[in-house]
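Observations on the model geometry
Letter by letter, the chains look like this.
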Amino acid sequence: MDDLSEFVDQVPLLDHHCHFLIDGKVPNRDDRLAQVSTEADKDYPLADTKNRLAYHGFLALAKEFALDANNPLAAMNDPGYATYNHRIFGHFHFKELLIDTGFVPDDPILDLDQTAELVGIPVKAIYRLETHAEDFMLEHDNFAAWWQAFSNDVKQAKAHGFVGFKSIAAYRVGLHLEPVNVIEAAAGFDTWKHSGEKRLTSKPLIDYMLYHVAPFIIAQDMPLQFHVGYGDADTDMYLGNPLLMRDYLKAFTKKGLKVVLLHCYPYHREAGYLASVFPNLYFDISLLDNLGPSGASRVFNEAVELAPYTRILFASDASTYPEMYGLAARQFKQALVAHFNQLPFVDLAQKKAWINAICWQTSAKLYHQERELRV
Amino acid sequence: MDDLSEFVDQVPLLDHHCHFLIDGKVPNRDDRLAQVSTEADKDYPLADTKNRLAYHGFLALAKEFALDANNPLAAMNDPGYATYNHRIFGHFHFKELLIDTGFVPDDPILDLDQTAELVGIPVKAIYRLETHAEDFMLEHDNFAAWWQAFSNDVKQAKAHGFVGFKSIAAYRVGLHLEPVNVIEAAAGFDTWKHSGEKRLTSKPLIDYMLYHVAPFIIAQDMPLQFHVGYGDADTDMYLGNPLLMRDYLKAFTKKGLKVVLLHCYPYHREAGYLASVFPNLYFDISLLDNLGPSGASRVFNEAVELAPYTRILFASDASTYPEMYGLAARQFKQALVAHFNQLPFVDLAQKKAWINAICWQTSAKLYHQERELRV
Amino acid sequence: MDDLSEFVDQVPLLDHHCHFLIDGKVPNRDDRLAQVSTEADKDYPLADTKNRLAYHGFLALAKEFALDANNPLAAMNDPGYATYNHRIFGHFHFKELLIDTGFVPDDPILDLDQTAELVGIPVKAIYRLETHAEDFMLEHDNFAAWWQAFSNDVKQAKAHGFVGFKSIAAYRVGLHLEPVNVIEAAAGFDTWKHSGEKRLTSKPLIDYMLYHVAPFIIAQDMPLQFHVGYGDADTDMYLGNPLLMRDYLKAFTKKGLKVVLLHCYPYHREAGYLASVFPNLYFDISLLDNLGPSGASRVFNEAVELAPYTRILFASDASTYPEMYGLAARQFKQALVAHFNQLPFVDLAQKKAWINAICWQTSAKLYHQERELRV
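Quick caveat: nothing in here was measured; it's all calculated off a predicted structure. (Residues numbered from 1 in each chain as written. Chains lettered and ligands numbered in written order. Predicted model: local features only at pLDDT ≥ 70, side-chain atom pairs only at ≥ 80, totals over all residues. Heavy atoms only, no water.)

Below, the discussion takes up the packing of helix α7 (residues 129-139) of chain C against helix α11 (residues 203-219) of chain C. Residues and elements named next belong to chain C. Relative to each other, α7 and α11 sit at 105°, their axes nearing to 12 Å. With respect to their mutual orientation, α7 and α11 come out roughly perpendicular. On α11, the residues touching Leu 129, Glu 130 and Ala 133 of α7 are Met 209, Leu 210 and Val 213. By residue class, the composition of the contact of α7 with α11 is five nonpolar, no polar and one charged. (Axes fitted to C-alpha atoms, helices over the stretch in contact; angles between N-to-C directions. Helix = DSSP H or I, 4+ residues; strand = E, 2+ residues; numbered from the N terminus. Parallel < 35°, antiparallel > 145°, perpendicular 65-115°, else oblique. Contact = heavy atoms within 4.5 Å. Nonpolar A, V, L, I, M, F, W, Y, C, P; charged D, E, K, R; others polar.)

A separate point is the sheet that holds strand β6 (residues 259-263) of chain C. All names here are of chain C. Read from one edge of the open sheet, eight strands run β1-β2-β3-β4-β5-β6-β7-β8, paired in parallel fashion. The sheet terminates laterally at β1 (13-18) and β8 (312-313), the two strands that pair on one side only. Examined bridge by bridge, strand β4 (residues 162-167) and strand β5 (residues 224-228) share three bridges and lie parallel to one another. Counted as the bridge partner of Lys 166 is Gln 225 from β5. The sheet contacts of helix α13 (residues 268-277) involve β6 and β7 (281-284), and relative to β7 the element is tilted by about 155°. (Pairing = 2+ DSSP bridges.)

In the numbering adopted here, UniProt assigns the feature "domain: Amidohydrolase-related" (unreviewed entry) to residues 203-368 of chain A. Within the segment residues 203-368 of chain A, helix and strand shares are 51% and 10% respectively, and the terminal C-alpha atoms sit 32 Å apart. (UniProt positions renumbered as here; feature names shortened; annotations may be inferred.)

Tallying the contact residues gives 40 residues for chain B and 32 residues for chain A. Both faces considered, chain B and chain A share a buried interface measuring about 2800 Å² in area, 56% of it formed by carbon and sulfur atoms. On the chain B side of the contact with chain A, Tyr 44, Asn 51 and Tyr 238 of chain B bury the most area, a combined 21% of that side's loss. Applying the counting rule to chain B against chain A returns five salt bridges. For Lys 254 of chain A, the salt bridge identified is with Asp 43 of chain B, shortest N-O distance 3.1 Å. If you look at where chain B meets chain A, you find 16 residue pairs in polar contact (both at pLDDT 80 or more). (Buried area = accessible area lost by both parts, 1.4 Å probe. Salt bridge = Lys/Arg side-chain N within 4 Å of Asp/Glu carboxyl O. Polar contact = N/O pair within 3.5 Å; in protein donor to acceptor, adjacent residues only side chain to side chain.)

In the structure shown here, the tally under the stated rule is zero disulfides over all chains. For the unlinked cysteine Cys 18 of chain A, the closest cysteine sulfur is that of Cys 359 of chain A, found at 15 Å. Summary of cysteine pairing: Cys 264 of chain B is not part of a disulfide, and the nearest cysteine sulfur, belonging to Cys 18 of chain B, is at 17 Å. Given the relative accessible area of 0%, Cys 264 of chain B is considered buried. (Disulfide = S-S within 2.5 Å. Buried < 20%, exposed > 50% of the residue type's maximum accessible area, 1.4 Å probe, protein only.)

All names here are of chain B. Counting buried residues in strand β5 (residues 224-228) gives five out of five residues, a clear majority hidden from the surface. Here β5 shows no split at all, with Leu 224, Phe 226 and Val 228 on one side and Gln 225 and His 227 on the other all buried. Where β5 and strand β6 (residues 259-263) come together, five bridges link them in parallel fashion. Counterpart to Val 228 in the pairing with β6 is His 263. This β-α-β element, β5 to helix α12 (residues 246-252) to β6, shows right-handed connectivity. (Right-handed = clockwise from strand over helix to strand, strands pointing away.)

Okay, the relation of the copies chain C and chain A next. Mapping chain C onto chain A is achieved by rotating through 120° and translating by 0.0 Å along the same axis, at an RMSD of 0.0 Å. Such a combination of turn and shift is consistent with a three-fold rotation axis. Proximity to the rotation axis, assessed at the C-alpha, singles out Arg 298 of chain C in chain C; its C-alpha lies 5.7 Å from the axis. Take the interface residues of chain C: only 6% of them recur as interface residues in chain A, which is what a contact between different surfaces looks like. (Least-squares fit on C-alpha atoms with pLDDT ≥ 70 in both.)

Residue and element names in this part refer to chain B. Within the secondary structure, Asp 107 is located in the loop between β2 (94-100) and α6 (112-119). Considered as a pair, Asp 107 and Ile 217 are 110 residues apart in the sequence and their alpha carbons are 32 Å apart. Contact partners of Asp 107, with chain neighbours within four places excluded, come to Ile 22, Asp 23, Val 26 and Arg 32. A distance of 2.6 Å separates polar atoms of two side chains, one belonging to Asp 107 and the other to Arg 32.

Structure representation (structure tokens):
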């Protein structure tokens, strides 16, 4: 059987779900690398985090691409840090990053143009619904005014340069999304507004928002990402099962809403099943590929037992340092080689077509980035 | 270690759960093959379905056994179509098909004798409870009359030539079966009767039916199959977890009800656990073996982590064309070879005994088909 | 890559969760071995149990270490039985057993000193909360008196020689533990007391107990084990998902409660995730390693996809005969070799450190058994 290693090494990557990088001059690079190698909070013992494989996978990359081989964890100044980033993003053939700007690490590089220069490839933004909803709440006193302002902003997202949407409903209320009426939603707004908390946690309001922004998202032909499954201790993973989204998927995917389930672990088989029976449904195994590196190949194999190869996407969910993006790419590409090298029934051309679809082509179409991905 | 490939190649198969084949003269064989290679509805893009491995596994079989090597997807006329079927069913040593007649594809061959002639082996029928319950509803105006007619029919199923029962409660109300009283059941019937819908979706009525037909099924010493887990977008797979059946299993398996869990994926480990602690509980990984062919070996391995080898059965859940039955056989037999070749602690004779049990012997006893399976 | 086989063969084992052995003179050793090779009740057919791999794994050990090679399943008299035990526990380098005394097989050896002599290594006791709560119920007429007596006993557990606690809430009410007030708890006690049943099954009372003993357990710096997932037909495994424990874990692990999730299968990925985000959370794959021997390596690999290597522990959950402890050790050690031999990014010293942590070091610290484990 032909070996696909060389082909996969060279295949371009569109990372359709990731976050901000941080300043290279931050002094405690070792601890920051360790911290971002886990979903645990800061009060979780760093010693245990350093006994996870992800941290060691980051270290291996840091050594491999180090500017100073004797000091791979040193802080980096500006031209050097860009060189370092170019090495890693270039080595794995990253071609574009789509950044969910709703999560902000400490010491972030917030400017997308600056990020693009740093990593050497185009960078676009994803519109996180809850974050913007929260910002508009601060400016409006009642549900109607808030909804008007927020939904107007959603309708103009494409015009404002965003390439997709994301919801973190799983973190706030779980994935059992239900239709609610405007009275319940307005009551949810009032409770929230008077709570003094910026954080949106009202189930009726989040349900209302997701059911009512769907048409505006369809109208702009943009995809809507959902956090699913694996996340930090703040998510109730019991409620993060994508099978709970069935009513929502039935309501909107046939109408043209393109839904992308992010991460999915340990519900990646469930996600693959959903992708095999719902139109317009996509998913990835991001975050597991880099934070659970010993499982990337196994999880990929399980994820595609039922899913079409045109429905699973590469993503890293990485932030902070290029090592996190790089480890996702390394483990994911290795999983691709292992899977496709032993796949029966299809020829080499078909395998290559599917690998292209997974790594960049499907995302390029979905997020309308064909121009940026001319490869 | 001895290689079991040759033994497994020759081992007979009793397919205890499958459906009707269709007419060979249907012109659009390629699209029909693609359509049946997925659980997706007809409005799901066929292009995505063709990017699943199952379709390519069907194509590989079509080419391998083609009457006309230059045109493997051509429609087939009568003597040729039988030859083609005989080639595939014969190659994999199918010895009998048990057909759930409750699902009817377009252009079906409904006559079981005709089917037996077409495939070259005996064919028997499984009694799908909900379908018959629905037919009797059309003929009766009240719960008592309906139940009398329906339960009489259930009691005579064996006399009418059926070899087992099946419930698709998972498709209608999920698997959390509960005892209900006759008043709730009768109310459920009235609502159903007046709804104008033939489709039975009343939870109290389905619960009542399953609790009250159990003794009649025990009396006839016939097994009761349940759809579990993987199915089309019409099933709420969240409610298809067989662990939800615990109360029902506790109520009846010790009394002698033989229950067979069908498909089970992605709950096949849960099914294997149930088979390891409940008497009279059997299961299979049908539908995954052909529609998720890259996972068949992995899923089989997981399914038998806890289950006795005398509780898991071969089945295809196939319909329409012989390729679907054949791919189930190919992937399942490959999974058997991989599993048993590397199994420690037991000798070759024990491995062969277990393979026989899985492929035909346990089903032959369960469905009283020893005579048909004289091998 | 270096082969770790020899290192793992020699690595010491602290079995932090197991049960009583039985008398060697019991005549029906074959049936007792078969019976304990499954979680099924006694009315489950022994013939099916003998068609599970676990039984054959026990037989293989019985033959390998037999006193009388021609009669490996013979009853054994006293000095011989100790020799036999020493052979097996010694071969796998067991160094200590922590016995949950709440489960008592027929014909048990209840004396821990006698057990220590029999197996040739130290033996300590785990305090099963529900068992003791039940004993105190018999002696007290009202909630206040019962709680005073029981909680005093809990507070003195360390002084009484216990090295840890265990809860079987999963067997009684499931793992969705919730805070309850004292009025509900007292009402639960009254209902229980007047029921005439010794068995504690009141959800409010078990919830109350677990929320209110936590501080006493923290004060003694002892771990609290929970039965999770896989067990006999008496457990509702649907409610045995450790993700349901999130509120309890959030309430206590940051305050210093050391929680150990036992067994976990088929929720071992969920357990590994919890260990990766909650401080003070440990887990094992006991019971699967010996009762599902063909899956031990796969399940271990899945369990450590996210978990720190300093959070997963060896355990057997064995009882009755040394074969059950031995098979857990054999399968677990084989899983370690397979996993660490192919682990990228880390050197041999790091791998050995992690294997030591898993097999004995983390448990030695957790249960304060460093002195007994001087290795």
